[in-house]
Amino acid sequence: MWHRGGPLELSLGGDGDAPDAVEQVVLGPLIETGHRVQYVVPAGHWQAARPGGDDEVLVSCVVAPGFDFADFRS
């Protein structure tokens, strides 16, 4: 969930053994230009995030059901 600051580029890479075709989602304040304030990443999907500009970004990530490091891959 985007809270404040500049936009955040969220990259989704599918649910295979390694990241695949990348889908981009922008979290940020400019809803009228396509930004979103929150986005649900499907279970088991690769994801990466980075600031979409020079401004700092405040975001949070909520995981449900609970996160288990045994399921984490990098």
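Residues numbered from 1 in each chain as written. Predicted model: local features only at pLDDT ≥ 70, side-chain atom pairs only at ≥ 80, totals over all residues. Heavy atoms only, no water.

Some thoughts on the overall build of the protein
(1) Moving on: For the protein, the count of helices and strands is 0 helices and 5 strands.
(2) Moving on: For the protein, the N- to C-terminal ordering of α and β elements is β-β-β-β-β.
(3) Moving on: Once the C-alpha set of the protein is aligned to its principal axes, its extents read approximately 35 × 25 × 20 Å.
(4) Moving on: A separation threshold of at least 6 residues defines the contact pool for the protein, and within that pool the share at least 24 residues apart is 64%.
(5) Moving on: Surface exposure of the protein reaches about 5,700 Å², of which carbon and sulfur atoms provide 54%. (Helix = DSSP H or I, 4+ residues; strand = E, 2+ residues; numbered from the N terminus. Contact = heavy atoms within 4.5 Å. Areas by Shrake-Rupley, 256 points an atom, 1.4 Å probe, with all protein chains shown as cover.)

Some thoughts on a nonpolar patch on the surface
(1) Moving on: A cluster of nonpolar side chains, Val-63, Phe-67, Phe-69 and Phe-72, forms an exposed patch at the surface whose accessible area comes to about 460 Å².
(2) Moving on: With respect to the helices, strands and loops of the structure, Val-63 is situated in the segment after strand E5 (57-59).
(3) Moving on: The partly exposed category is assigned to Val-63, whose relative accessible area is 42%. (Patch = residues over 30% accessible without salt bridge, like charges linked within 9 Å, V, L, I, M, F, W, Y side chains within 5 Å. Salt bridge = Lys/Arg side-chain N within 4 Å of Asp/Glu carboxyl O. Buried < 20%, exposed > 50% of the residue type's maximum accessible area, 1.4 Å probe, protein only.)

Focus on the UniProt feature "domain: DUF985" (unreviewed entry) in the protein
(1) Moving on: When the UniProt feature table is mapped onto this chain, "domain: DUF985" (unreviewed entry) is found at residues 1-73.
(2) Moving on: Helix makes up 0% of residues 1-73 and strand 30%, with an end-to-end C-alpha separation of 22 Å. (UniProt positions renumbered as here; feature names shortened; annotations may be inferred.)

Remarks on the sheet that holds strand E2 (residues 8-12)
(1) Moving on: Read across the open sheet, the 3 strands follow the order E3-E2-E4; overall the sheet is antiparallel. On the outer flanks of this sheet lie strand E3 (23-27) and strand E4 (47-51), each paired with one strand and no other. Averaged over all neighbouring strand pairs, the angle between strand axes comes to 20°, with direction disregarded.
(2) Moving on: As paired strands, E2 and E3 are joined by 5 bridges and run antiparallel to one another. From the neighbouring strand, Leu-8 faces E3, where its bridge partner is Leu-27. (Pairing = 2+ DSSP bridges. Axes fitted to C-alpha atoms, helices over the stretch in contact; angles between N-to-C directions.)

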